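As a plain string of letters, each chain reads:
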Amino acid sequence: RRAEGWGQRVFEAILSGCIPVIMQSDNLQPFEGILPWKQFAVMLNESDIPNLHEVLAAIPQAKVESMQRTLSCVWPRLTFFS
């Protein structure tokens, strides 16, 4: 059974326009069946923590830019305005 991993920090990162780095790859994210999380978030395992800097630095700039574009389309769907 997978746990829900959505937390306030992920929400704040997304609203700030930052690509979230999620260290619990086996946890469910909100609207996972609808939103393409792997296209706008970096999903890692906890075992990647010792090499986190290298893992993140290895992401090509074109991929980062693509993730940022996707994120700009996704964040409004994660907010609720009453």
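Just so we're clear, the structure is a prediction, and the values are computed from it rather than from any experiment.

Here the focus is the overall build of the protein chain. When helices and strands are counted, the protein chain shows four helices and two strands. When the helices and strands of the protein chain are read in sequence order from the N terminus, they spell out α-β-α-β-α-α. Counting every position in the protein chain, which comprises 82 residues, the buried fraction comes to 27%. For the protein chain, long-range pairs separated by at least 24 residues make up 53% of all intrachain contacts whose partners lie at least 6 apart in sequence. Total accessible area on the protein chain is roughly 5,900 Å²; 54% of this is exposed by carbon and sulfur atoms.

Attention shifts here to the packing of aromatic side chains. In the structure shown here, the tally under the stated rule is one aromatic pair. Aromatic pair Trp37 and Phe40: ring centres 4.8 Å apart, planes at 40°, arrangement tilted. One end of the pair, Trp37, and the other, Phe40, are both in helix H2 (residues 37-40), three residues apart, so they sit about a helical turn from each other. The pair Trp37 / Phe40 is uniform in exposure class, with both members buried.

Turning to helix H1 (residues 8-15), a few remarks are in order. Inspection of H1 places Val10, Ala13 and Ile14 among the buried residues, and these make up the whole buried set. Considered in projection along H1, the buried side chains sweep an arc of 95° and stay on one side of the axis. As for H1, its buried residues are in contact with H2 and helix H4 (61-74). Positive phi shows up at Gly17, right after H1, with a value of about 85°.

This part is about the nonpolar core. By size, the foremost hydrophobic cluster in this structure holds ten residues: Val10, Ile14, Ile22, Leu35, Trp37, Phe40, Ala41, Leu71, Val74 and Leu78. When contributions to this core are tallied by element, the ones reaching two or more residues are H1, H2 and H4. Apart from residues lying up to four places away in sequence, Ala41 is in contact with Ile19, Pro20, Ile22 and Met67.

Rules used throughout
- Residues numbered from 1 in each chain as written.
- Predicted model: local features only at pLDDT ≥ 70, side-chain atom pairs only at ≥ 80, totals over all residues.
- Heavy atoms only, no water.
- Helix = DSSP H or I, 4+ residues; strand = E, 2+ residues; numbered from the N terminus.
- Buried < 20%, exposed > 50% of the residue type's maximum accessible area, 1.4 Å probe, protein only.
- Contact = heavy atoms within 4.5 Å.
- Areas by Shrake-Rupley, 256 points an atom, 1.4 Å probe, with all protein chains shown as cover.
- Phe/Tyr/Trp six-rings, centres within 6.5 Å; stacked < 30°, edge-to-face > 60°.
- Arc of directions from axis to C-beta.
- Core = buried A, V, L, I, M, F, W, Y, C linked by side-chain atoms within 4.5 Å.

Any functional reading would require information beyond the geometric quantities listed.
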